[in-house]
Amino acid sequence: MINLFKFYENNVKKDEYYYKFYEDLVTHPHRLSDEIKTAFDIEKNEDYLDFEIFDEEEAIEKFKGLCEPNLDISSDKNKRLFYYLCFYLYKNGYVIKEFPRLLSRPPEDPYDFTSDEIKNRILSLNMDRNGTVPYIVRRKLVANLTFEKQSLIVVEDDIDTIFQRISTRNATFESMSTDEKLKEIANCIEFMLREDDKYKEVNYNEVAFEYINNEIVKEYRKKIQCFRHAYREAIKEREKLTKAQKEFLIDYGIIIIKVIYQILKNDIGD
């Protein structure tokens, strides 16, 4: 069994978005009575079990349950469960196709999603009934939410800002399609390294030992150039790659970008 409370406490980092909820999700529960503390840490009573799941499938089902229109998401227990589940699914590489930013940046009030954002999506899809959104329609939308497992390598906020900056549609990385991600990874590497029509030579050993070097990055850029072009040969080159190969290239590209960013972040921030 997975204890979502402990998973958040043990895995959240001070420099990531989710840390803003630390006071409510960890500090406050630790200040509760000794009886409740014991419930979190040792006893298998009902309160404790509400924060335990068996696997990712159960996490998804619990999340959908929190979006039920007649559920009180404002209760302390349900609010914490909402953030624990979002964090757990996010850290395990999940994205909700219909709401691609939710798991990486959940709202400060869960009600903004479970009510407002869901209602707005129903209205945008013309699924409402004369301007009203019946419970049955909300339940149908929630039941059909698509949870897709993406890269387990997380794109930090600073790097995601670069992707938005270079994207022609100001898109976040997780909202992009697979091919678009590879296109923008190529653009991102160029943005960070190209200067005066030449690519900088970077001392990758500062961060990556000898696992990444200038020649490796050069060959990687060549491999993904086909995603930047629309001529027939480029499209054929893309089609040769399997889904697994594309996912590897995305993961590897993000690692390269993270290393470059760590080395050059003062210049990139200009």
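Residues numbered from 1 in each chain as written. Predicted model: local features only at pLDDT ≥ 70, side-chain atom pairs only at ≥ 80, totals over all residues. Heavy atoms only, no water.

Engineer: Report on the pattern of salt bridges, specifying residues and quantitative values.
Structural biologist: Throughout the structure, instances matching the rule amount to 14 salt bridges. For glutamate 56, the salt bridge is made with lysine 149, and the minimal N-O distance between the two is 3.1 Å. Placement of the pair is glutamate 56 in helix α5 (residues 56-66) and lysine 149 in strand β4 (residues 147-149), with a sequence separation of 93 residues. Residues joined in a network through salt bridges with shared partners are Glu190, Arg194, Asp197 and Arg228. (Salt bridge = Lys/Arg side-chain N within 4 Å of Asp/Glu carboxyl O. Helix = DSSP H or I, 4+ residues; strand = E, 2+ residues; numbered from the N terminus.)

Engineer: Explain the nonpolar core to me, and be specific about the residues and the numbers.
Structural biologist: Here is a general trend for soluble globular proteins: nonpolar side chains tend to be buried in one another's company. Tyr8, Phe63 and Phe82 are the most contacted members of the largest nonpolar core, which totals 42 residues. Ranked by residues supplied to this core, first place goes to helix α6 (residues 76-91) with ten residues. One finds Ile162, Phe173, Ile256 and Tyr261 within the second-largest nonpolar core, a separate group that totals 36 residues. (Core = buried A, V, L, I, M, F, W, Y, C linked by side-chain atoms within 4.5 Å. Buried < 20%, exposed > 50% of the residue type's maximum accessible area, 1.4 Å probe, protein only.)

Engineer: Break down the state of the cysteines for me, with residues and values.
Structural biologist: What the rule picks out here adds up to zero disulfides. Considering cysteine sulfurs only, cysteine 67 is the nearest to cysteine 86, which forms no disulfide, with 8.2 Å between them. By relative accessible area, cysteine 86 is classed as buried at 0%. (Disulfide = S-S within 2.5 Å.)

Engineer: How would you explain the side chain of glutamate 56 if you had to name every residue and give the values?
Structural biologist: Of the polar contacts made by the side chain of glutamate 56, one reaches the side chain of lysine 149; its length is 3.1 Å. Excluding residues within four positions of it along the chain, glutamate 56 makes contact with Tyr88, Leu89, Asn92, Tyr94 and Lys149. (Polar contact = N/O pair within 3.5 Å; in protein donor to acceptor, adjacent residues only side chain to side chain. Contact = heavy atoms within 4.5 Å.)

Engineer: How would you sum up the packing of helix α1 (residues 4-11) against α6? Please name residues and give values.
Structural biologist: Packing of α1 against α6 brings their axes to within 9 Å, and their N-to-C directions diverge by 60°. Taken together, the axis directions place α1 and α6 in an arrangement best described as oblique. As for how α1 packs across α6, the hand of that crossing is left-handed. Residues Leu4, Phe5, Phe7, Tyr8 and Asn11 of α1 touch α6, and the partners they reach there are Leu81, Tyr84, Leu85, Phe87, Tyr88 and Lys91. When the residues that make up the contact of α1 with α6 are grouped by side-chain class, the tally is nine nonpolar, one polar and one charged. (Axes fitted to C-alpha atoms, helices over the stretch in contact; angles between N-to-C directions. Parallel < 35°, antiparallel > 145°, perpendicular 65-115°, else oblique. Left-handed = near helix turned anticlockwise from the far one by under 90°. Nonpolar A, V, L, I, M, F, W, Y, C, P; charged D, E, K, R; others polar.)

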